[in-house]
Amino acid sequence: MTTVSPFARASSFDEARIANREQTIEEMYSVPESFLEIEVRNPQTHGLGRKMYTDYEIVCKTNIPAFKLRHSLVRRRYSDFEAFRDILERESTRVNIPPLPGKVFTNRFSEEVIEGRREGLERFLSIVAGHPLLQTGSKVLCAFLQDPAWDRAQWL
C-alpha cells in the first residue's frame with residue numbers, strides 16, 4: 001500500500017474532481033465557523049445650526065469569541081469614529097489602521113454626503129474589525145462596536 005504525504009501536490013485529476021464537486025446542503029446552509037457582519041445604517045441628524053451632527057447605527061453580528069455579544073446595536077457620530085481610530089493607532093502599533101472617509105465642510109448634511117460617509121464608515125469598520133490582530137488584541141474594538149455607553153474619555 002502506498003502512502004501519500006499530506007504535503008504532496010494534488011494531481012490535476014484530484015483538483016478537477018474537487019472543483020466539480022457540488023456543495024452539500026449542510027455546507028451551503030450551516031453557520032460558518034466564524035463570522036462577523038457589521039452594518040452602518042440609519043443615519044440621523046440632530047440639533048440646529050452650528051450644533052448639528054449626524055450619528056449612525058452600527059449593527060454587529062458575530063460568533064467570534066473575542067466579542068462579548070453575539071448581536072449588538074449602538075449609535076456613533078463621526079467624532080466618535082475619529083477618537084476610536086486615534087485610540088486604535090496608539091493601541092496597535094503593529095497594524096496599519098485605514099483612514100476614515102474625509103471631513104466635509106460644505107453640504108455636510110445633504111443625503112449624498114451622509115450616504116457617502118455611511119458607506120466609508122462601514123468599509124472602515126469592516127476592515128478594522130476583520131483584522132485578526134485587532135480582534136484578539138484590541139481593548140477598544142469590542143467596546144466601540146458593542147457598548148452603548150462607550151465614552152471616548154475612558155480611552156484617552
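Because the structure is a prediction, the values reported are computed rather than measured.

Colleague: Lay out the pattern of salt bridges in plain terms, naming residues and giving numbers.
Modeller: Per the stated rule, a full pass over the model turns up 9 salt bridges. A salt bridge links Glu39 to Arg41; the nearest nitrogen and oxygen atoms lie 3.8 Å apart. Between Glu82 and Lys103 there is a salt bridge, with the nearest N and O atoms lying 3.7 Å from each other. Note that Glu82 is positioned in helix α3 (residues 78-91) and Lys103 in the loop between α3 and α4 (111-129), a separation of 21 residues in sequence. Sharing partners across several salt bridges, the network here consists of Glu39, Arg41, Asp55, Glu57 and Arg75.

Colleague: Outline the environment of Asn96, listing residues and values.
Modeller: Following the sequence through the fold, Asn96 ends up in the loop between α3 and α4. Each C-alpha atom, one on Asn96 and one on Val128, is 9.4 Å from the other, the two residues being 32 residues apart in sequence.

Colleague: Give a detailed account of the side chain of Arg117, specifying residues and quantitative values.
Modeller: Secondary-structure assignment places Arg117 in helix α4. In this structure, Arg117 is buried with no salt-bridge partner, the nearest side chain bearing the opposite charge being Glu82 at 6.9 Å. For Arg117, the side chain forms a polar contact with the main-chain oxygen of Gly102, separated by 3.4 Å. Filtering out sequence-adjacent residues up to four positions away, Arg117 remains in contact with Tyr56, Tyr78, Pro101, Gly102, Lys103 and Val104.

Colleague: Go over the packing of aromatic side chains, please, and point to the residues and values.
Modeller: This structure, assessed with the given rule, holds 4 aromatic pairs. Their ring planes at 75° and their centres at 5.2 Å tell us that Phe81 and Phe144 sit as a pair that is edge-to-face. Remark: Phe144 occurs in helix α6 (residues 140-146) and Phe81 occurs in helix α3; sequence separation between them is 63 residues. Across this residue pair, the class does not change: Phe81 and Phe144 are buried. With centroids separated by 6.2 Å and ring planes inclined at 85°, the aromatic side chains of Phe84 and Phe124 adopt a geometry described as edge-to-face. Of this pair, Phe84 sits in helix α3 while Phe124 sits in helix α4, placing them 40 residues apart in sequence. Of the two residues examined, Phe84 and Phe124, each falls in the buried class. One aromatic cluster in this structure is built from Phe81, Phe84, Phe124, Phe144 and Trp150. The residue whose ring lies beneath Arg117 is Tyr78, and the NZ or CZ to ring-centre distance is 3.7 Å.

Colleague: Talk me through the environment of Gly130; I want residue IDs and the actual numbers.
Modeller: Take Gly130: it is sitting in the loop between α4 and α5 (132-137). Every residue in contact with Gly130, bar those within four places of it in the chain, is listed here: Leu36, Leu125 and Gln135.

Colleague: A description of the nonpolar core should follow, citing residues and the corresponding values.
Modeller: Ile58, Phe84, Leu125 and Leu145 are the most contacted members of the largest nonpolar core, which has 31 residues in total. Mapped onto this core, the elements with two or more residues apiece are β1 (36-46), β2 (53-62), α3, α4 and α6. Setting aside residues up to four positions removed in sequence, Leu145 forms contacts with Ile38, Ile58, Cys60, Phe67, Ser72, Val74, Leu125 and Ala129.

Colleague: How would you explain unusual backbone geometry if you had to name every residue and give the values?
Modeller: Even without being a glycine, Asn42 presents a positive backbone phi close to 50°. Along the chain, the position of Asn42 falls in strand β1.

Colleague: I'd like to hear about α3, residue by residue, with values.
Modeller: Taking 1.5 Å of rise per residue, 14 residues should cover 20 Å, and α3 covers 20 Å from first to last C-alpha, within 8% of that figure. Listed in full, the buried residues belonging to α3 are Tyr78, Asp80, Phe81, Ala83, Phe84, Arg85, Ile87 and Leu88. In this structure, the buried side of α3 is in contact with β2, β3 (71-77), α4, α5 and α6.

Procedures and definitions
Residues numbered from 1 in each chain as written. Predicted model: local features only at pLDDT ≥ 70, side-chain atom pairs only at ≥ 80, totals over all residues. Heavy atoms only, no water. Salt bridge = Lys/Arg side-chain N within 4 Å of Asp/Glu carboxyl O. Helix = DSSP H or I, 4+ residues; strand = E, 2+ residues; numbered from the N terminus. Buried < 20%, exposed > 50% of the residue type's maximum accessible area, 1.4 Å probe, protein only. Lys, Arg positive; Asp, Glu negative; His and termini not counted. Polar contact = N/O pair within 3.5 Å; in protein donor to acceptor, adjacent residues only side chain to side chain. Contact = heavy atoms within 4.5 Å. Phe/Tyr/Trp six-rings, centres within 6.5 Å; stacked < 30°, edge-to-face > 60°. Lys NZ or Arg CZ within 6 Å of the ring centre and 35° of its normal. Core = buried A, V, L, I, M, F, W, Y, C linked by side-chain atoms within 4.5 Å. Expected span 1.5 Å × (residues − 1).

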